[in-house]
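Residue strings, one per chain:
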Amino acid sequence: MKQISFWQTCIITILLMAMTGSVKAQESELTLDDLFATPKLTGTSPSSPSWAPDSKNLAFSWSEPGSSGRGLWVSTRDGKEVRLVSNIASASVRDIVWTDANTIISLRGNNLWETSLSQEEDIQLTTVMSGAGNLSISPSGNQAAYISNGDLWIVDLLSKQNIQLTEIGMASLSSLGKGRYSRPEREIGPGIWSGPIYKWSPDGKTIAFHSVNRSEMRKVPFPDYLADETSPNEVRRSYPGDPNEIRRVGLINIESGNIIYLDLPAPYANQVIDFNWSPNSDLLVDTASDTAVERKLFVVASGESQLREIWRGVRESRMYTSFGSTWHPDGKKVIFLSDMGDRYGLYTIDTSDPNHLPQLLTDPSYDVLSTPSIAGDAVFYSGNGVNPYEQHVYRLKISNGDPEQVTRLSGRNVGYPSPDGRHLVFMHSNDTSPPELYVVSSDGGNAAQITHSPLPAFTERTWATAEYVSFPSLVDEYTLHARILKPTNMKPGTKYPVLFGPVYSNTARNRWAGNYSLVQNLLVKKGYIIVQVDSRGSNGYGRAFREEFLLGFADQDIEDYASAVTYMESLDYVDPDRIGIWGSSYGGTLSVYSLLMKPGLFQVGVAAAAAVDPVFFGTDDVAIVRSPKTHPEVFERKALNYAANLEDKLLFIHGMQDHVVPFKTTAVLAEELIKLGKDFDFAFAPGATHAWSRERNYDRYLFGKLIEYFDRYLAVAGVVAPNSVKIKDKK
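Note that the structure is a prediction, hence the values are computed from the model and not measured.

The next thing to look at is the sheet that holds strand β28 (residues 359-360). The sheet built from four strands is open, its strands ordered β25-β26-β27-β28 with antiparallel pairing. At either end of the open sheet lies a strand with only one pairing partner, and these are β25 (324-327) and β28.

Okay, here's the thing in structure tokens:
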């Protein structure tokens, strides 16, 4: 077993730092090829960790810089000993579970592997069904469960026998196998956007599962032009106002195979947020309407199937659903995440008292950003108590006390407490560092870094550090917040072009954002100033600011960007005639509508996967636009109606297999612009989906088009490119 000691880690880190210092002066030019080369500059990010039952070790999948595949790694709880424990010849590790404090079962290919820490053995245990995933272990440790082709299976770890528990799965209409909505007609699994899968009861007798039926949804074609002959490639996809997928919770008796479905209300219009078992095998079921207006918590008593509603929250102004819940260790109270106050907070309610009102547990001055996690005698959760730009992990002792901040590294921190609550492993990233695992005592102290993922080619470079600023809104009393990246060694008296993007809500954040962060740094090194704004709809500024986005897409949030442009223009190093905007998905929407609603505000826009027609939004988007029947005026705000206003340079980017924002909608807008005699540009990719920005080959090609477009129209001699380009005056 390969082992890395604490001191070896320290020596490697010091050497890397020394190497970095010696090469800074001769740092080579960063290119697009560098960003999308294989292996990736940032290496392989570690998986979410899994703690051993005795809290002494944690396991995760990862590979060292430059290595391929994912191995099984184990770290001690203090992070001083990190070792590779899997056979390097085996397939990549996908799922990880502990059967006891010494033994790990992991899923690799179509096989289960058993790893013994004490005996330092890693052996292939048994074969499972093709496509197996979502591995879990029974409370006894003798059986493992998994999902294959939409059905629930268990495997006896002693006899090695695979047993199919359900016959629910039904294959997808589409055989292409790509795109968000290319999902099975029926399956045990999450909804299209979120939801639980299955969970064992503490006594091991029952499994609660989430069943999804999409067979009654609308059929929508997404033509596949790469097939031998063009294929219509139909998928199940509904529009706002249509019935959604049917989501149900089932209880299966492991011994008999009998299934009972809970009688949840309107399963075609309500999502299952989660379900969790109490220590006494009572089941908590957390639901919310697709519109996000109504939230309900139910309890099903052990051995029964009758739902008992314990709490309901209704608010017409609510949008989206940042919810979660779990049982209090006493098995009588429930702890749940809610937006009843101005900020998201954790509340507790006694399930045995019908008159008990929810009690706030957390600090009302900041947002709780995660589902509560119970470990030992404490509740752990993430929140933005330091500032809106950072996310930290907090601990709240159940018996008494105030919330305590556990993580101290500036940036984004996602926590995984040990079962005894005494240690916290967390995933950390910031403006200049990709995600890495760290571990720290829950009582405080310095965190130990467990993984070091980037290649030397990444660590040897200087990456842009962000500046966080605030400025007033020009249309109301809000204070707006932004993240700014600037070129190094800016020349006095020189005016620099500015790019807003990628634009979206919740972007003024100290975190690493994958390819977006790499591309931002490339643009900064080329001489652009990069700006991201927390526009309306963002967390961290109170409920009113967040909910102004409801029924107001591409409206007041555009005013936020207008205010930001005014702020940037007030800086003496900004060229007010060379300002661009770009984004993907809703960020693409903001880019298009900014150009159409406020001509001249930006000279150039790049709109990727832009949602330009609310009629074709997804069923999840009823949380922001509701439906054509209840709010017809919102569905008249299609970009087509403002196409005549286009005066600035516009590039569309779109994947033709984008199920979230159909390519058709951009094609219809492009046709109208052509009829109006407007000049614009189009870059498309036949097989790209909504996730084009992280799809191999498509990412490099389309980001290349984006950068080339800005260089063509915003470049300045001696600042970005060898030739300046004349831009028309702003209006």
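Picking up where we left off.
Bringing the packing of helix α6 (residues 556-569) against helix α7 (residues 586-597) into the picture now. The relative placement of two packed helices comes down to the angle between their axes together with the axis-to-axis distance. Where α6 meets α7, the closest approach of the two axes is 10 Å, and the angle between their N-to-C directions is 75°. Taken together, α6 and α7 sit at an angle that is classed as roughly perpendicular. Each of Asp-557, Ile-558 and Tyr-561 in α6 lies in contact with α7, whose residues at this interface are Tyr-586, Leu-590, Tyr-593, Ser-594 and Met-597. Here the residues of the contact of α6 with α7 are counted per class, giving six nonpolar, one polar and one charged.

By volume, the second largest pocket is sized at about 1400 Å³. Lining the second largest pocket are 35 residues, and of these Lys-199, Trp-200, Asn-276, Ser-373 and Ile-374 lie nearest its centre. Elements with a contribution of two residues or more to the lining of the second largest pocket: β2 (50-51), β6 (93-98), β10 (133-137), β15 (198-200), β21 (270-277), β25 and β29 (373-375). At five residues, β6 tops the list of elements feeding residues into the lining of the second largest pocket. Taken together, the residues of the lining of the second largest pocket sort by class into 19 nonpolar, 13 polar and three charged.

Reading across the sheet, the four strands line up as β21-β22-β23-β24 and stay open at both edges, with antiparallel pairing between neighbours. Edge strands, defined here as strands with exactly one partner in the open sheet, are β21 and β24 (307-314). Strand-to-strand, the axes of this sheet are offset by a mean angle of 20°, without reference to chain direction. Bridging between strand β22 (residues 283-289) and strand β23 (residues 294-300) involves six bridges; their strand directions are antiparallel. Pairing of Ala-288 across the sheet is with Arg-295, part of β23.

By the definition in use, this model includes 33 salt bridges. Between Asp-339 and Arg-318 there is a salt bridge, with its nearest N and O atoms 3.1 Å apart. Within this pair, whereas Asp-339 is found in the loop between β26 (333-338) and β27 (345-350), its partner Arg-318 is found in the loop between β24 and β25, the two being separated by 21 residues in sequence. Taken individually, Asp-339 and Arg-318 each receive the classification buried, so the pair is uniform in this respect.

Right, let's talk about the pairing of strand β43 (residues 649-655) for a bit. Burial of β43 is extensive: six of the seven residues sit out of reach of the surface. Of the strand pairs in this sheet, strand β42 (residues 604-608) and β43 are connected by five bridges, and their pairing is parallel. Each residue of the ladder has a partner; that of Val-606, found in β43, is Leu-651. In this structure, β43 lies alongside strand β44 (residues 681-685), joined through five bridges in parallel fashion. Residue pairing for β44: Ile-653 is matched across the bridge by Ala-683.

What follows is about unusual backbone geometry. Along the chain, Thr-38 connects to Pro-39 via a cis peptide bond; the corresponding omega equals 0°. As for its placement among the helices and strands, Pro-39 is situated in the loop between α2 (32-35) and β2. For the bond running from Gly-501 to Pro-502, omega is -5°, close enough to zero to count as cis. Its identity as a non-glycine residue notwithstanding, Ser-55 has a phi of 70°, on the positive side. Examined against the element boundaries, Ser-55 turns out to sit in the loop between β2 and β3 (57-62). On the accessibility criterion, Ser-55 (1% relative accessible area) is buried. Of note, the phi angle at Ala-554 is positive, near 50°, even though the residue is not glycine. Along the chain, Ala-554 turns up in the loop between α5 (543-547) and α6.

A separate point is the nonpolar core. With 70 residues, the main nonpolar core has Phe-500, Ile-529, Val-531, Phe-553, Met-568, Val-592 and Phe-602 as its most contacted residues. Non-local contacts of Val-592, meaning those with residues more than four positions away in its chain, are made with Ala-607, Ala-610, Val-612, Ala-639, Phe-652 and Leu-669. Within the second largest apolar cluster, 38 residues are counted, among which are Ala-466, Tyr-528, Ile-530 and Ala-688.

Turning next to the side chain of Asp-286. Within the secondary structure layout, Asp-286 lies in strand β22. At 2.8 Å, the side chain of Asp-286 and the side chain of Arg-295 are in polar contact. A polar side-chain atom of Asp-286 sits 2.9 Å from a polar atom in the side chain of Ser-325. Every residue in contact with Asp-286, bar those within four places of it in the chain, is listed here: Gln-271, Val-272, Ile-273, Asp-274, Arg-295, Lys-296, Leu-297, Gly-324 and Ser-325.

This next bit is on α7. For α7, built from 12 residues, the straight-helix expectation of 16 Å at 1.5 Å per residue is met to within 8% by its first-to-last C-alpha distance of 16 Å. Burial of α7 is extensive: 11 of the 12 residues sit out of reach of the surface. Among the residues of α7, Tyr-586, Gly-587, Gly-588, Thr-589, Leu-590, Ser-591, Val-592, Tyr-593, Ser-594, Leu-595 and Leu-596 are the ones counted as buried. Turning to α7, the residues buried within the fold contact α6, β41 (574-584), β42, β43 and α9 (663-675).

Confidence along the protein averages 94 in pLDDT terms, with 95% of residues attaining 70 or more. Counted against residues more than four places away or in other chains, residues 9-25, with its pLDDT under 50, gives 13 contacts. Overall, residues 721-731 carries pLDDT values under 50, and its contacts beyond four positions in sequence, including any with other chains, amount to 29 contacts.

Per the stated rule, a full pass over the model turns up 34 aromatic pairs. Note on Phe-500 and Tyr-561: the rings are 6.4 Å apart at their centroids and 75° apart in plane angle, and the pair reads as edge-to-face. Taken as a pair, Phe-500 in strand β39 (residues 496-500) and Tyr-561 in helix α6 lie far apart in primary sequence, 61 residues in all. The exposure class assigned to Phe-500 is buried, which follows from its relative accessible area of 0%. On the accessibility criterion, Tyr-561 (0% relative accessible area) is buried. An aromatic cluster is built from Phe-36, Tyr-516, Trp-582, Trp-692 and Phe-703, whose rings are joined through pairwise contacts. The side chain of Arg-180 reaches across the aromatic face of Trp-193, ending 4.1 Å from its centre. The positively charged end of Arg-237 is found above the aromatic ring belonging to Tyr-181, 5.1 Å away from the centroid.

Turning next to the pairing of β26. Of all the six residues making up β26, five are buried; the element is thus mostly covered by neighbouring parts of the structure. Alignment of β25 against β26, held across four bridges, turns out to be antiparallel. Across the sheet, the residue bridging to Trp-327 is Val-334, located in β26. Once β25 ends, the chain turns through five residues before running back antiparallel as β26, passing Gly-331 with a positive phi of about 75°. Direction of pairing for β26 relative to β27: antiparallel, over a ladder of six bridges. Following the sheet pairing, Leu-337 is matched in β27 by Leu-346. Taking the residues between adjacent antiparallel strands as the criterion, β26 and β27 are bridged by six residues.

Cut-offs applied
- Residues numbered from 1 in each chain as written.
- Predicted model: local features only at pLDDT ≥ 70, side-chain atom pairs only at ≥ 80, totals over all residues.
- Heavy atoms only, no water.
- Pairing = 2+ DSSP bridges.
- Helix = DSSP H or I, 4+ residues; strand = E, 2+ residues; numbered from the N terminus.
- Axes fitted to C-alpha atoms, helices over the stretch in contact; angles between N-to-C directions.
- Parallel < 35°, antiparallel > 145°, perpendicular 65-115°, else oblique.
- Contact = heavy atoms within 4.5 Å.
- Nonpolar A, V, L, I, M, F, W, Y, C, P; charged D, E, K, R; others polar.
- 1 Å grid on protein atoms, 1.4 Å probe; cavity = no way out; pocket = protein on both sides within 12 Å on 5 of 7 lines; lining within 4 Å.
- Points joined across faces, edges and corners; volume = space filled by probe spheres on them.
- Salt bridge = Lys/Arg side-chain N within 4 Å of Asp/Glu carboxyl O.
- Buried < 20%, exposed > 50% of the residue type's maximum accessible area, 1.4 Å probe, protein only.
- Core = buried A, V, L, I, M, F, W, Y, C linked by side-chain atoms within 4.5 Å.
- Polar contact = N/O pair within 3.5 Å; in protein donor to acceptor, adjacent residues only side chain to side chain.
- Expected span 1.5 Å × (residues − 1).
- pLDDT = per-residue confidence, 0-100.
- Phe/Tyr/Trp six-rings, centres within 6.5 Å; stacked < 30°, edge-to-face > 60°.
- Lys NZ or Arg CZ within 6 Å of the ring centre and 35° of its normal.

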